[in-house]
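Topology and contacts: notes
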Amino acid sequence: MAVVLLLGLAGWYVFSGRGAGLLPQSSWRPWHEKRVDDWSVRVRVNSWGEAAEAYVHMGKAEGFTIKAYGTPASATTVMDGTRFTLTPGGEVTGQRPEGRGAR
């Protein structure tokens, strides 16, 4: 009984997206490019669970990765304060601080 419960819990953890780091590379869909404000964003979504990863960069000036494993994740740039949000479904949005304009 305990083994069945443990396997069920492990399956939920992985396929809910929270354990996306444990999933094989072949379960990730290809990267696709997107522009958000002046930033380039590469996004990929996991086909097995609720998980997405995004690499956000502006040339060589700044770059970072956001991982939304099961829940939305966000990060703010150092250069201009743009706040990026990534959902586990792969949707990326960016909002600049007040006075800089938002898109």
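In short, a report on the structure. No experiment lies behind these values; they were computed from the predicted model shown.

Rules used in this analysis
- Residues numbered from 1 in each chain as written.
- Predicted model: local features only at pLDDT ≥ 70, side-chain atom pairs only at ≥ 80, totals over all residues.
- Heavy atoms only, no water.
- Buried < 20%, exposed > 50% of the residue type's maximum accessible area, 1.4 Å probe, protein only.
- Helix = DSSP H or I, 4+ residues; strand = E, 2+ residues; numbered from the N terminus.
- Pairing = 2+ DSSP bridges.

Some remarks on the pairing of strand β2 (residues 39-45)
- Buried residues dominate β2, accounting for six of its seven residues.
- Two successive antiparallel strands, strand β1 (residues 32-36) and β2, enclose a turn made up of two residues, where D37 displays a positive phi of approximately 55°.
- Here β2 pairs with strand β3 (residues 51-58) via six bridges, running antiparallel. When the sheet's bridge partners are listed, V45 is paired in β3 with A52.
- Once β2 ends, the chain turns through five residues before running back antiparallel as β3.

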